[in-house]
Amino acid sequence: MKIATAEFIQNGAQPVTGANKIIEVKNVSKVYGTEVVALKDINLDFEAGQLTSLLGPSGCGKTTLLKIIAGLLPATQGDILVNGKKVTAPGPERAFVFQDFALLPWATVLDNAAFGLKMQGKPKAERDDIANHYVKEVGLDGFQKSYPHQLSGGMRQRVGLARALSVNADVLLMDEPFSAVDEQTRRKFQEDLIRLREVEKKTFIFVTHSIEEAVYVSDRIILLSPRPGRVSEIIDPDIPSDIGPDELRRNEVYLETVENIWHGIKKYVD
Amino acid sequence: MSTLNTADPALLRDRADAPGLMSRLAQLPLIWKLLSVALFALAWEIAGRSGFNFSFPTFTATVAAFWSMVVDGSMGAAYLRTIEPLIIGLVFSLVVGVTMGVAMGLREDVEWLALPIFIVMQAAPMAALIPLVTFIYGISLTAKVVAVVMLAMPVITINSYKAVRNVPGSLVSMCHSFMGNRRQQIWYVVVPAASPMMFAGLRLGVAEGFSGVVLAELLITPTGIGDLITFHRSVANFAHMYATIASIVLFAVIAVGLLQWVETLLFRPEKGNVK
Ligand SMILES: Nc1ncnc2c1ncn2[C@@H]1O[C@H](COP(=O)(O)OP(=O)(O)O)[C@@H](O)[C@H]1O
Ligand SMILES: [Mg+2]
């Protein structure tokens with residue numbers, strides 16, 4: 001049953017459909033100052049319920065694009081549509097997970113997770129209740145009263161994730177969420193992310209510079225090229241969904257996809 | 001800029017695993033604190049008995065002098081006189097200084113208008129201007145309040161300003177991304193994030209305020225603690241003079257330490273949590 005569902009979503013990912021696009025990026029360009037063209041003419045659709053990765057070498061504009069989608073940064077040109085409506089500011093349907101976690105050092109895990117709800121003006125008892133649910137869901141039960149400095153990097157990012165989940169946004173925007181986390185924790189995190197997707201049925205836009213990570217977790221990979229940032233390729237990895245994480249890293253399709261992307265990206269890295 | 005009497009932001013980053021000197025002192029077991037006080041008293045006693053300077057009293061003589069001034073009421077009366085301009089001046093400096101500092105940190109137009117004034121005020125040797133205050137305000141309470149404000153406010157303002165400018169951009173972005181408005185951003189992110197450096201400025205400001213009020217009492221109006229010091233010096237009551245000086249130093253240290261405690265209580269619970 002699970003497999004069938006997963007397959008259905010994967011088939012829905014093919015470009016032919018496009019009926020349920022939740023976010024559209026239309027002709028977006030971004031120029032910093034007068035010189036630095038960070039993005040040029042980006043056109044992209046993001047399907048509801050999918051995990052899409054933005055992949056590319058450092059400096060190709062991944063963060064810039066994600067922040068424009070989040071409404072944290074104005075585009076120099078072009079529009080962002082969420083459910084068909086133009087947006088220019090952050091909204092309740094999008095939640096951001098920050099690369100450097102962006103946790104309040106003076107607030108407990110629970111209070112950090114409840115921060116978004118507090119901004120919405122939810123009463124304390126209610127927001128604590130909701131935040132507590134997600135703190136447990138990301139595997140931090142027992143740490144509700146801890147402070148960020150008492151947690152490891154991986155645990156801190158789980159708090160960032162709980163905060164984003166608590167506001168019940170449809171779209172989670174994640175900027176290299178695992179890059180400040182050690183390799184072992186990172187793998188565990190990737191597996192948790194895949195599990196979380198099945199539970200939460202949300203749309204994920206996921207920035208990474210790791211090819212393996214992108215191929216492992218994504219329904220679709222958008223390859224960006226640097227200077228100026230453009231969409232250079234769109235890849236839908238067709239990896240069988242019924243194999244475990246350990247098998248997967250030896251799977252032929254997986255290895256082949258990683259290899260292909262590396263060939264596409266190699267010319268930009270020197 | 002390098003002459004500014006501000007704490008270095010890099011040293012003040014909210015690393016709870018590297019608490020400030022004050023909180024580290026506070027965490028020492030009581031026995032060690034008592035032991036270090038005892039050692040200090042012993043060294044003082046030996047130095048006093050060695051007779052290297054005719055005006056330097058022993059520790060025991062100083063304590064006895066302190067006690068006699070407490071008993072005859074002159075110490076209490078002096079503190080009552082000194083504390084009034086000190087408190088008025090500090091409260092004014094705190095309210096105006098923090099407000100101005102935060103406003104300068106948040107708004108470029110306010111920064112452009114006011115920052116140069118405070119930079120000059122902080123760099124100038126304000127103590128040298130205290131005699132001028134007498135020309136304007138005479139030898140009134142106002143003159144002493146002004147002296148306190150002149151010394152305490154610049155450092156409080158500049159530190160509050162720098163504290164706000166040093167708030168991590170990613171926290172402000174985070175608040176924005178979760179749809180926090182400007183008011184929420186200031187109250188829930190900027191002020192608590194800036195509080196360690198702001199309180200460092202407040203502690204410096206309170207210390208400066210003590211200098212201000214004692215200087216005013218020495219230079220403008222012979223009243224309070226300043227008068228007590230001057231009087232006992234003039235009659236060669238050196239034990240009494242030292243006792244007065246030591247008491248005001250101790251008082252200032254306790255006042256500054258109390259501020260640290262208030263900060264932890266109000267804004268930074270995580271710093272009280274380190275075991
Ligand atoms: N605030 C800024 N001002 C000027 N240039 C910037 C700014 N932010 C990013 N850039 C430049 O824009 C380009 C894309 O940056 P970024 O989106 O952070 O890339 P990525 O996240 O892919 O590493 C880089 O060349 C970077 O130097
Ligand atoms: Mg980036």
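Reading guide: rules and limits
Residues numbered from 1 in each chain as written. Chains lettered and ligands numbered in written order. Predicted model: local features only at pLDDT ≥ 70, side-chain atom pairs only at ≥ 80, totals over all residues. Heavy atoms only, no water. UniProt positions renumbered as here; feature names shortened; annotations may be inferred. Contact = heavy atoms within 4.5 Å. Buried area = accessible area lost by both parts, 1.4 Å probe. Polar contact = N/O pair within 3.5 Å; in protein donor to acceptor, adjacent residues only side chain to side chain. Helix = DSSP H or I, 4+ residues; strand = E, 2+ residues; numbered from the N terminus. Near = heavy atom within 4 Å. Areas by Shrake-Rupley, 256 points an atom, 1.4 Å probe, with all protein chains shown as cover. Nonpolar A, V, L, I, M, F, W, Y, C, P; charged D, E, K, R; others polar. Patch = residues over 30% accessible without salt bridge, like charges linked within 9 Å, V, L, I, M, F, W, Y side chains within 5 Å. Salt bridge = Lys/Arg side-chain N within 4 Å of Asp/Glu carboxyl O.

The name an unreviewed UniProt entry assigns to chain B is NitT/TauT family transport system permease protein, from the organism Pelagibacterium luteolum. Within the UniProt record for chain B, the comment given under Sequence similarities (unreviewed entry) is "Belongs to the binding-protein-dependent transport system permease family." UniProt lists a comment for chain B under the heading Subcellular location (unreviewed entry), and it reads "Cell membrane".

As annotated in an unreviewed UniProt entry, chain A is NitT/TauT family transport system ATP-binding protein from Pelagibacterium luteolum. According to the UniProt record, the Sequence similarities (unreviewed entry) comment for chain A reads "Belongs to the ABC transporter superfamily."

A. Inspection of the interface of chain A and chain B at higher detail. Listed by partner, the interface residues are 25 residues for chain A and 23 residues for chain B. Summing both sides of the interface, chain A and chain B together bury roughly 2,100 Å²; the carbon and sulfur share of this comes to 71%. In this assembly, chain A and chain B are joined by 2 residue pairs in polar contact (both at pLDDT 80 or more). Of all the elements in the fold, those that place two or more residues in the side of chain A that touches chain B are strand 6 (94–97), helix 4 (115–119) and helix 6 (153–166) of chain A.

B. Representation of the UniProt feature "domain: ABC transporter" (unreviewed entry) in chain A within the structure. UniProt's feature table lists "domain: ABC transporter" (unreviewed entry) at residues 23–251 of chain A, given in the numbering used throughout. Here residues 23–251 of chain A runs as 33% helix and 28% strand, with 32 Å between its end C-alpha atoms.

C. Spotlight on the UniProt feature "domain: ABC transmembrane type-1" (unreviewed entry) in chain B. Under the present numbering, the feature "domain: ABC transmembrane type-1" (unreviewed entry) in UniProt falls on residues 79–260 of chain B. This span, residues 79–260 of chain B, is 87% helix and 0% strand, and a straight line between its end C-alpha atoms measures 23 Å.

D. Highlighting the site of ligand 1. All names here are of chain A. Ligand 1 sits among Tyr 32, Val 36, Ala 38, Ser 58, Gly 59, Cys 60, Gly 61, Lys 62, Thr 63 and Thr 64. Taking Gly 59, its main chain carries an N or O atom lying 2.7 Å from an oxygen atom of ligand 1. The contact in question runs from an oxygen atom of ligand 1 to an N or O atom on the side chain of Thr 64, over 2.4 Å. Relative to its unbound accessible area of 560 Å², ligand 1 is 58% covered by the protein chains. Counting residues per element, the ones that place at least two in the shell around ligand 1 are strand 2 (36–47) and helix 2 (62–70). Here the element with the most residues in the shell around ligand 1 is helix 2; it accounts for 3 residues. Of the residues that constitute the shell around ligand 1, the class distribution is 4 nonpolar, 5 polar and 1 charged.

E. Spatial organisation of a nonpolar patch on the surface. A surface patch of nonpolar side chains, amounting to about 570 Å² of accessible area, comprises Leu129(B), Leu132(B), Phe135(B), Ile136(B) and Tyr137(B). Tracing the backbone through its elements, the reader meets Tyr137(B) in helix 7 (residues 130–137).

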